[in-house]
Amino acid sequence: MATEYSSLFTFFGGTGDLAKRKLYPSLFKLYVRGNLGEHFAVIGTARDSWSDDQFREVVTQSIREDQPDADMHAASVFVTHFYYLAHDVTDKAHYAVMKDLVEKLDEQYSLKGNRIFYLSMAPRFFGEVALNLKSEGLLSEDGSNRLVIEKPFGTDFTTAETLNEQLSGAFEEKQIYRIDHYLGKEMVQNIQALRFGNTLVESLWNNRYIDNVQVTLSEKLGVEDRAGYYDTAGALRDMVQNHIMQIVSQLAMEQPVSFTDSDVRVEKIKALRSLRVYSPAEAAKNFIRGQYGANDTEPAYRDEPNVPKDSANDTFVAGKLLFDNYRWSGVPFYVRTGKRLADKFTRIDVVFKKPLIDIFAFPQNRDNSLAPNVLTIYVEPNSGFSLQLNAKTAGQGFETEPIHLDFQQDVAQKEETPEPYERLLHDTLKGDQTNFASWDEVSYAWKFVDVIQKLWDSETPDFPNYVSGSMGPAASDELLQRDHRSWIYRLNR
Ligand code: NAD
């Protein structure tokens, strides 16, 4: 039986792309599951002058597009809880009108003063909105007040710190939910089940048995119509600072005392504290960048709409992370992400050390030709695990070959799996911050990334340096070759 929550949602940027594509359809799924019932209401707000009816029609359409099999009768009841308010967030006077509506809906739907403010708009407004919500009396005295914010959280440590100070002027850390939608993905959440639920895995999860860890977030699409934002951000800030650092910290953390948000955060922060922040010279050695060039059918990044012809922006990054702690000393965590790569997928490959001697080849052949054991966690598009082991090839003689123990989520499980935004909205209603980035995590990640970004900003790269549809520049492969290793996932092997 699903727990039903009562809350008012106020979506700033309520007419925007994210709200329409993800947030409203996700709320509807929570409604269908019974997490929302009679006692919820939604205010959509943006500058556009829409009526409630127009807004409800847009929400209905979003549900229809996202869930073609949705029960549209249920949707028609669901949207009666939606209200629209035209509002410029920079105009303080508008907050008085909003306050009246908030209080009216609170009473009408018996919401007990529970309020979720979701900022689905340009980050430059985050601080101002948070402060106005407080100063104009929008925060309730009796219920819970939660602020949900989208990425990006600053553009470097200094801007992130300023933003955090603004938010802290209105909300406490325990009320701030910083969205990182990778944390809502089933298999990212499964990292902890896999590690802390299995003696077999956790007992080997250290530098005695693990040789290296590889995290790949590969995108097939180019910059599309996001050049305005992306050309000022780049892959390092857009993907590494947040999603990759969050994944890596879950892989590297120690076992938390309990599976609660505060205990999990403590361990993630400890892991990030031991992440080696590079000197500029170390950053130059351990991080490489790339930008896509054209192939037969797709344009180069510099020829995409709204991208400057001499853009030095990185659309690819690969790097090596090192944790200076007892568990991980000496184990590189290789990460890579980029646009216009061979395929769209996210996977984690945990590569184990080989047996010291390959007795099946020894002494005739002193090379250890056994394949390493590899635990692959498929995050998307398919969710599952695969464990590569060595086994004897059937037949005469004694040859070994790698075999794979595979687990893939089946269709029924997949249908049951909530979308990241559904899960994260549910966690917000529940007041569970496990799957949101804390300020300490964000700040450590920025301090690490800032050194690399600063170095890159000071040098002119020779771009483009990889062909669309490849797995990035040659330097990405060389980064591992230098350590006598290679990417587990690669093309044309
Ligand atoms: P969008 O440009 O589609 O929507 C922005 C919204 O803000 C619109 O509703 C607009 O009317 C409103 N707005 C702008 N100025 C305003 C003002 N002064 N007062 C009131 N409203 C104002 O943006 P989006 O794609 O929906 O993204 C929203 C946020 O989510 C951004 O922080 C973005 O980085 C983040 N995000 C978006 C996606 C996505 O898939 N679209 C994915 C991840 C993160």
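What you are looking at is a predicted structure, and each value in this text was computed from that prediction instead of being measured.

Undergrad: Describe the site of the ligand, listing the residues and the values that go with them.
TA: The local shell around the ligand holds 20 residues, among which Gly13, Gly16, Leu18, Ala46 and Glu150 are the closest. In the shell around the ligand, the residues fall into seven nonpolar, seven polar and six charged.

Undergrad: Lay out the domain arrangement of the chain in plain terms, naming residues and giving numbers.
TA: Domains assigned within the chain are domain 1 (7-150) and domain 2 (183-420 + 438-481). Placing the centre of domain 1 and that of domain 2 at their C-alpha centroids yields a distance of 36 Å.

Undergrad: I'd love a proper account of the UniProt feature "binding site: NADP(+)" (unreviewed entry) in the chain, names of residues and values included.
TA: Sequence positions flagged by UniProt for "binding site: NADP(+)" (unreviewed entry) are, in local numbering, Gly13, Gly14, Thr15, Gly16, Asp17, Leu18, Ala19, Lys20, Arg47, Asp88, Val89 and Lys151. Tracing the sequence through the fold places Arg47 in the loop between strand S2 (40-46) and helix H2 (52-66). Since 14 C-beta atoms lie within 10 Å of it, Arg47 is described here as partly exposed. With sequence-adjacent residues up to four places away left out, Arg47 is seen in contact with Ala86 and Asp88. Along the polypeptide, Asp88 turns up in the loop between strand S3 (82-86) and helix H4 (93-108).

Undergrad: So what about the sheet that holds strand S6 (residues 176-178)? Which residues, and what values?
TA: With respect to topology, six strands assemble into an open sheet ordered S3-S2-S1-S4-S5-S6, the strand pairing being parallel. The open sheet has two edge strands with one neighbour each: S3 and S6. Ignoring strand direction, the axes of neighbouring strands in this sheet form an average angle of 20 degrees. The strands touched by H2 within the sheet are S2 and S3, with S3 carrying the most contacts at an inclination of about 120 degrees. Packed on one face of the sheet, H4 meets strand S1 (7-12), S2 and S3 and runs near 170 degrees to S3.

Undergrad: Describe the packing of helix H1 (residues 17-33) against H2, and please don't skip the residues or the numbers.
TA: Close contact between H1 and H2 brings their axes to 9 Å; oriented N to C, the two are set at 85 degrees. Regarding the angle of H1 to H2, the classification is roughly perpendicular. Residues Lys20, Arg21, Tyr24, Pro25 and Phe28 of H1 pack against Val58, Val59, Ser62, Ile63 and Asp66 of H2. Each residue belonging to the contact of H1 with H2 can be placed in one class, and the counts come to six nonpolar, one polar and three charged.

Reading guide: rules and limits
Residues numbered from 1 in each chain as written. Predicted model: local features only at pLDDT ≥ 70, side-chain atom pairs only at ≥ 80, totals over all residues. Near = placed C-beta within 6 Å. Nonpolar A, V, L, I, M, F, W, Y, C, P; charged D, E, K, R; others polar. Domains from an automatic or database assignment. UniProt positions renumbered as here; feature names shortened; annotations may be inferred. Helix = DSSP H or I, 4+ residues; strand = E, 2+ residues; numbered from the N terminus. Buried ≥ 20, exposed ≤ 12 C-beta atoms within 10 Å, placed from the backbone. Contact = placed C-beta atoms within 7 Å. Pairing = 2+ DSSP bridges. Axes fitted to C-alpha atoms, helices over the stretch in contact; angles between N-to-C directions. Parallel < 35°, antiparallel > 145°, perpendicular 65-115°, else oblique.

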